[in-house]
Amino acid sequence: MESRFAAMISELIYQQFFLNQGEFLDFFERFNLNEFITLKFISRRDLGTVSLEETISRLQIGESEIKTIVFRLQEEGYVTFSNSDSEVGAYITISEKGIKHLHEQEEEFVSYYGKVIDDFGVQRMGKLLAMIKDLQKIMKAQVENDRNAGVLQH
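Residues numbered from 1 in each chain as written. Predicted model: local features only at pLDDT ≥ 70, side-chain atom pairs only at ≥ 80, totals over all residues. Heavy atoms only, no water.

(A) Looking closely at the overall build of the protein chain. The secondary structure content of the protein chain amounts to 6 helices and 3 strands. Counting helices and strands in the order they occur from the N terminus, the protein chain gives α-α-β-α-α-β-β-α-α. Put simply, the protein chain has 154 residues, and 25% of those count as buried. Of the contacts made within the protein chain by residues no fewer than 6 positions apart, 52% connect residues no fewer than 24 positions apart. Working note: accessible area of the protein chain is about 11,500 Å², and carbon and sulfur atoms make up 55% of it. (Helix = DSSP H or I, 4+ residues; strand = E, 2+ residues; numbered from the N terminus. Buried < 20%, exposed > 50% of the residue type's maximum accessible area, 1.4 Å probe, protein only. Contact = heavy atoms within 4.5 Å. Areas by Shrake-Rupley, 256 points an atom, 1.4 Å probe, with all protein chains shown as cover.)

Next up, the structure:
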C-alpha cells in the first residue's frame, strides 16, 4: 500500500510539473504564464492598480522576477509602473491595451477549454475541480500542522 501511495504522489507531482511548465505554456501567445497571472491579478484590483509589495506577497514570486515581469509588460504597453521614492511605494496599473489583450487570451482559453471540458464531461470536470479544492485544503492544513509542530519552518 505504501509504495502505491508513494507512486501516486510522485505521479501527481510529475504531471503537475508538465501541466504547469510543459506543453501548456505553448498555449500563451501574447505573454507567458507568469505575465498572464500577474496581469490577471492586477486587473482584479480596484481600478486595475496594485502595489508592487502586494503583488510580490500574493503571487509569491520574488521581487526581482516580479520586476522583470512588470518591466516586460510595461515595454509592451500592458501596464504602467510608478516607482515612487515616497513611503507609498511602487504601483502597477493595467492599461487599456493590457485589458484588451488579457480578454483576448481569456477568450482563447474559453474556446480551448470549452472543447476539452466537452470531451472530458462537464459533470466529471465539476467533480474533479471539487476534489482538487478538497485536496488543496487538506494539503494546506497539513503544512500548517507541520509548521505548528516545528517540522516545517517558514
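Having seen it, we continue.
(B) Quick look at the nonpolar core. Among the nonpolar cores identified, the biggest contains 21 residues, and Leu39, Leu73, Val79 and Ile92 are the most heavily contacted of them. Taken together, the elements giving at least two residues each to this core come down to helix H2 (33-43), helix H3 (52-59), helix H4 (63-75), strand S2 (79-83), strand S3 (90-94) and helix H5 (96-120). (Core = buried A, V, L, I, M, F, W, Y, C linked by side-chain atoms within 4.5 Å.)

(C) Here's a closer look at the pairing of S3. Residues of S3 alternate between two faces, with Ala90, Ile92 and Ile94 buried on one and Tyr91 and Thr93 left unburied on the opposite face. As defined by bridge partners, S2 adjoins S3 across 5 bridges and the pair is classed as antiparallel. Residue pairing in the sheet places Asn83 in a bridge with Ala90 of S3. (Pairing = 2+ DSSP bridges.)

(D) Expanded view of the environment of Ser51. Its place among the elements puts Ser51 in strand S1 (residues 49-51). A residue is classified by how much of its surface remains accessible, and Ser51, at 14% relative accessible area, is buried. The spatial distance from the C-alpha of Ser51 to the C-alpha of Tyr91 is 4.2 Å, given a sequence separation of 40 residues. Those residues in contact with Ser51 that lie beyond four places of it in its chain are Ala90 and Tyr91.

(E) Layout of the packing of H2 against H5. H5 packs onto H2 with a crossing angle of 115 degrees between their chain directions and a minimal axis gap of 11 Å. Helix-helix and strand crossings are classified by hand; for H2 and H5 the assignment is left-handed. Note on element contacts: H5 touches H2 through Gly98, Leu102, Gln105, Glu106 and Phe109, opposite Phe36, Leu39, Lys40 and Ser43. (Axes fitted to C-alpha atoms, helices over the stretch in contact; angles between N-to-C directions. Left-handed = near helix turned anticlockwise from the far one by under 90°.)

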